[in-house]
Amino acid sequence: MAGGTEKKEIMAIFADNEQRERPLTIRVGLLNGLLTGLAVAIGVWGLAIKAVAPLPLTLRFEPILLGSLFVVLLCGLTGWLTARINRSGWNMIFWLGTAVLVIHIIGYTPYTGRTLLIWLIDHRFWGIPIYTLPGINSLALLIGGIFLLLALTILGLFQEYRLDTIRQAMGEEWHITPGVLGRLLFPWPLIILTGFATNNIIGDTSWQAAQLVHQAIQVNLTYEGDLFAKARADGISYTALQGVRDQLTADYTLAIGEIDPATSTIFITADFDNGAWIYCRVLAGQLSFCFDASGPYTNGLHSLATGNALPETCRGCMPKNGEIWQAWFAERRTLLGDEPIIKRLGQWGSHVLMQVSAKTADFVVTCHFQGIVPVRLVSCNEGE
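Reference entry: report on the structure contained in this document. (Residues numbered from 1 in each chain as written. Predicted model: local features only at pLDDT ≥ 70, side-chain atom pairs only at ≥ 80, totals over all residues. Heavy atoms only, no water.)

## A look at the state of the cysteines
Counted under the stated rule, the structure contains three disulfides. Shown here is the disulfide that connects Cys280 with Cys290, its sulfur atoms set 2.0 Å apart. As the torsion about the S-S bond is roughly 110°, the Cys280-Cys290 disulfide counts as right-handed. Of this pair, Cys280 sits in strand E3 (residues 277-283) while Cys290 sits in strand E4 (residues 286-292), placing them 10 residues apart in sequence. On the basis of relative accessibility, which here comes to 1%, the residue Cys280 falls in the buried class. Note on cysteine connectivity: Cys314 is disulfide-linked to Cys317, with sulfurs 1.6 Å apart. The S-S bond linking Cys314 to Cys317 shows a torsion near -85°; that makes this disulfide left-handed. Accessibility classification places Cys314 together with Cys317 in one group, the buried group. Take the cysteines of the protein chain that form disulfides and number them in order along the sequence; they join up as 1-2, 3-4, 5-6. (Disulfide = S-S within 2.5 Å. Helix = DSSP H or I, 4+ residues; strand = E, 2+ residues; numbered from the N terminus. Buried < 20%, exposed > 50% of the residue type's maximum accessible area, 1.4 Å probe, protein only.)

## Side note on the pattern of salt bridges
Side-chain pairs of opposite charge can arise whenever the charged atoms involved come near each other. Under the counting rule described, the total for this entry stands at seven salt bridges. Salt-bridge contacts for Arg124 lead to Asp122; the nearest nitrogen and oxygen are separated by 2.8 Å. We classify Asp122 as buried; its relative accessible area is 12%. Close ionic contact of Asp271 with Arg344 constitutes a salt bridge, the shortest N to O distance being 2.5 Å. Of this pair, Asp271 sits in strand E2 (residues 265-272) while Arg344 is found in strand E5 (residues 341-348), placing the two residues 73 residues apart along the sequence. According to the relative accessible area criterion, Asp271 is partly exposed, its value standing at 22%. Note on Arg344: relative accessible area 30%, which makes it partly exposed. (Salt bridge = Lys/Arg side-chain N within 4 Å of Asp/Glu carboxyl O.)

Below, the structure is given as structure tokens:
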């Protein structure tokens, strides 16, 4: 009888200790999850943040911060949930599922993430798929992120033991000593390395293309020697800008024009303060060529609006589908007048909004273009 009472008292003591320590374990689990997510974000986007900081690039940090926020919050939620369950088998399963979601966030942030931000920033482009992810499915993303998948799953398997040791080292007062911090950050090298590897396989490389175009523009603006010799020495085709070199100025902005991972092609848009508008193509990490982008949007649109033939030097300036819109513009030609005013309203990605208006500004047409090579006239509507 006495033995049974003593056993109950011991069990009550253990239950009381577990009840008292459970909130501490959950807090440690949340902290561990948040730090894990932060390590993933550093590995995936750390180099990109450093690289884009000096660039005159639109949406430099916003997609990275959006992706990082999702990753950190998701890992924090998983850390909190698994700490509540605190069973190795379930921890591994939940972290495996989290890794799958994290890999999709990494893969889709340059496309869906950027597009979502643009919709929020500029409602004129709401609903337009600015950046799309062609030809890559979930299986391909998971294969590309296999190292991160394995790393987070393994850490989930050993999380119960790690949290117990960290909680004991903290004590009841929740002191974060150097030893505790070391235990919390122990997996960081592995997570950062696998995050870096995952980004190299399935992540965003458009910042590298923007960096390359920025360097090429700077060299063309400042270098007075032989560009061919410098191009050979640096391994960068600075002469890709030769056809538009006279349009370059020191004040300009860059933007991601189009991303096609299937062909390893990225187009960068460069807008200069003198009105020059240039597209640069980066193919497989190498600057291929740069050209004046304005032809289809200005000369081609002017030809449609007035019915005048394109100049001999601009035969390729008629946008694709332009012939379809000739009759539509013919019906409105008297309203637009002989010399309509054409201006660009905005551009995100390869989607451009142009405006054609009469000199009196009492009649306005807004046209939507899409694509870079070729440029396609998607629609035109009366009004702004």
